[in-house]
Amino acid sequence: MKGCKFTVLKGIHVSTALLNLGFVAIILCSRENNPFLTTFFLAKQRFRHPSSDVLVNAPNVSSSSGGHTEDANKPILKKAPMTGEHHSHSSKKSVTMFTSDVEDSDEEELFAQNADCNYAKGRWVADSRRPLYSGSGCKQWLSGMWACRLTQRTDFSFEGYRWQPKNCKMKEFNRFSFLRRMQNKTIAFVGDSLGRQQFQSMMCMVSGGEEMPEVEDAAREYGLVKPRGAKRPDGWVYRFPSTNTTILYYWSASLSDLVPFNSTDKNSNVAMHLDRPPAFLRRYLHCFDVLVLNTGHHWNRGKLELNRWVMHVNGKPNENKEFEDIRNAKNFTVHSFSRWLDSQLTSHPRLKAFFRTISPRHYRGGDWNTGGTCNNTIPLSRGSEVLQDESNDKVIESAVRGTKVKILDITAISELRDEAHMSSYGVRPTQGINDCLHWCLPGVPDTWNEILIAQI
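Residues numbered from 1 in each chain as written. Predicted model: local features only at pLDDT ≥ 70, side-chain atom pairs only at ≥ 80, totals over all residues. Heavy atoms only, no water.

**Observations concerning the state of the cysteines**
Let me state the cut-off plainly: In this description, the term disulfide denotes a pair of cysteine sulfurs within 2.5 Å. Put simply, DSSP marks the helices as runs of H or I at least four residues long and the strands as runs of E at least two long, and each gets a number from the N terminus on. Throughout this description, buried means an accessible area under 20% of the type-specific maximum (1.4 Å probe, protein chains only), exposed means over 50%, and partly exposed covers the range between.
Inspection of every chain in the model, using the stated rule, returns four disulfides. Shown here is the disulfide that connects Cys148 with Cys440, its sulfur atoms set 1.9 Å apart. Between Cys148 and Cys440 the disulfide shows an S-S torsion of about -70°. By sign, it is left-handed. One end of the pair, Cys148, is in the loop between strand 3 (122–126) and strand 4 (161–165); the other, Cys440, is in the loop between strand 18 (435–439) and helix 11 (444–455), and 292 residues separate them in sequence. There is no split in this pair, since Cys148 and Cys440 are both buried. Note that Cys374 is cross-linked by a disulfide to Cys436, the S-S spacing being 2.1 Å. Because the sign of the S-S torsion sets the handedness, a value of about -95° for the bond joining Cys374 and Cys436 places this disulfide among the left-handed ones. With Cys374 in the loop between strand 14 (352–356) and strand 15 (385–386) and Cys436 in strand 18, this pair connects stretches of sequence that are 62 residues apart. Taking only the cysteines that form disulfides and numbering them from first to last, the protein chain has the pattern 1-4, 2-5, 3-8, 6-7.

And the structure:
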């Protein structure tokens, strides 16, 4: 009887299966003539099932505040508790973790294709997806003095351009993909206030200009605390805990080692060692995976006298009369620094070092303190293309030639953007003073970072 019962049940199952198969066949046969079914099947094909990365308590994500449309492959956000000894003090806090549809193999292939690319050769093109972050936002990272959207300025057409290299492709910046690529890595900007602008631009780009309270202040790990009585610290360090990505800036306007004659006297003269890199770099170079250097605009007699910098070479006051011409002193320092850094790269094989060329000034009719202006607001009135192969910054170009230090050449492309400076605008503008050196953010320094990222 048990065997008979099994046979009957089996027959019922087979019959049911045959009926279902017939029903499916009828549907498939009628699909071609049934628009409703056709639409149904196409809709199913268009929507992908979520992967294993999809969301744990994920918030409703809107497009970032940059005035541009996010692409269709926007990464998925995932909430997860912080882990590890480094974050044990805030174990209850959650951070945003990022996954991305961008494949490493695609990026590696693009890098291989662009191995010999001259990113400084190309043209500016209008792009409705710009800027990369909101000029009214990013208050967590962007100094108000450089946020032109917070000033009296009314023309913001300078925000709507991107750089297109001539014979290679530059992948569109994706902050989620970039953080993933920079997982467990440290990016360091070392230089003057233009380097600080590039650092703030990078922070705004990586955060999308959004508030990120989970980002950690790691300045103390690098000894960068504000000295008593100082206007600001010598640098800033921030860490994105979701990927353990650290981005820092250190102020070193001349890239030479500065040592006060008397450390207890704030009015003491300062030894400016032209042939010795800053102590900060000598101490922390091993911590960096990407290093971006710049210098240039502090190399003038007025700055040296104001800062009480006294040139030293070989550990003693300079006696080389050629260095009375500040240009020769700068040339000597840049070449000495490049040789030193090149010698260090063998011991730090993971480090990618870049020397950024000088950012151009656009004063017309005088200098910053003699009535010079840059009040043009028409984009690309000086032209839109750079066709030369060589750099406009001959000092940096010659200093890195033959070394493993790469050039980040931004001079010529920035010279075409005289409309994108701070000009006469500012949070507290000074009558008769124009800033034709620093840039509005978002703006031209974002492009410097895009070219940097393409070369990393």
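**Looking at the sheet that holds strand 13 (residues 316–317)**
Put simply, the rule is: Strands are treated as partners if at least two bridges between them are detected by DSSP.
An order of 9-10-12-13 is seen for the four strands of this open sheet, with the pairing classed as mixed. Across the chains shown, the open sheet's two edge strands, defined by having one partner strand only, are strand 9 (257–260) and strand 13.

**Some details on the sheet that holds strand 3**
Backbone-to-backbone hydrogen bonds pair the strands of a sheet. The strands run either parallel or antiparallel. Taken together, three strands build an open sheet; the order of strands is 4-3-15 and the sheet is antiparallel. At either end of the open sheet lies a strand with only one pairing partner, and these are strand 4 and strand 15. Pairing analysis gives five bridges linking strand 3 to strand 4, with the strands arranged antiparallel. Bridge assignment links Arg123 to a residue of strand 4, and that residue is Gln164.

**Re the environment of Asn318**
We count it as follows: By definition in these notes, contact holds between two residues if any of their heavy atoms fall within 4.5 Å. Throughout this description, a polar contact denotes any pair of N or O atoms lying within 3.5 Å of each other; where both atoms belong to protein, one of them has to be capable of donating a hydrogen while the other can accept it, and for residues adjacent in sequence the pair is counted only when both atoms sit in side chains.
You can see Asn318 is positioned in the loop between strand 13 and helix 8 (326–345). The spacing of Asn318 and His273 is 45 residues in sequence and 9.0 Å in space, taken between C-alpha atoms. When neighbours within four sequence positions are excluded, Asn318 is seen to be in contact with Met311, His312, Val313 and Phe323. Polar side-chain contacts of Asn318 include one of 2.9 Å to the backbone nitrogen of Asn320.

**Things to note about the nonpolar core**
Here is the rule: Nine residue types can take part in a nonpolar core, namely buried Ala, Val, Leu, Ile, Met, Phe, Trp, Tyr and Cys, and a core is a set of them joined through side-chain atoms within 4.5 Å.
Phe178, Phe189, Ile247 and Leu452 are the most contacted members of the largest nonpolar core, which has 63 residues in total. In terms of residue count, helix 5 (residues 193–207) provides more of this core than any other element does, seven residues in total. In contact with Phe189, not counting residues within four places along its chain, are Gly195, Gln198, Phe199, Met202, Ile247, Leu248, Tyr249, Tyr250, Val292, Asn449 and Leu452. In this structure, Leu224, Val237, Phe288 and Ala399 belong to the second largest nonpolar core, which totals 29 residues.

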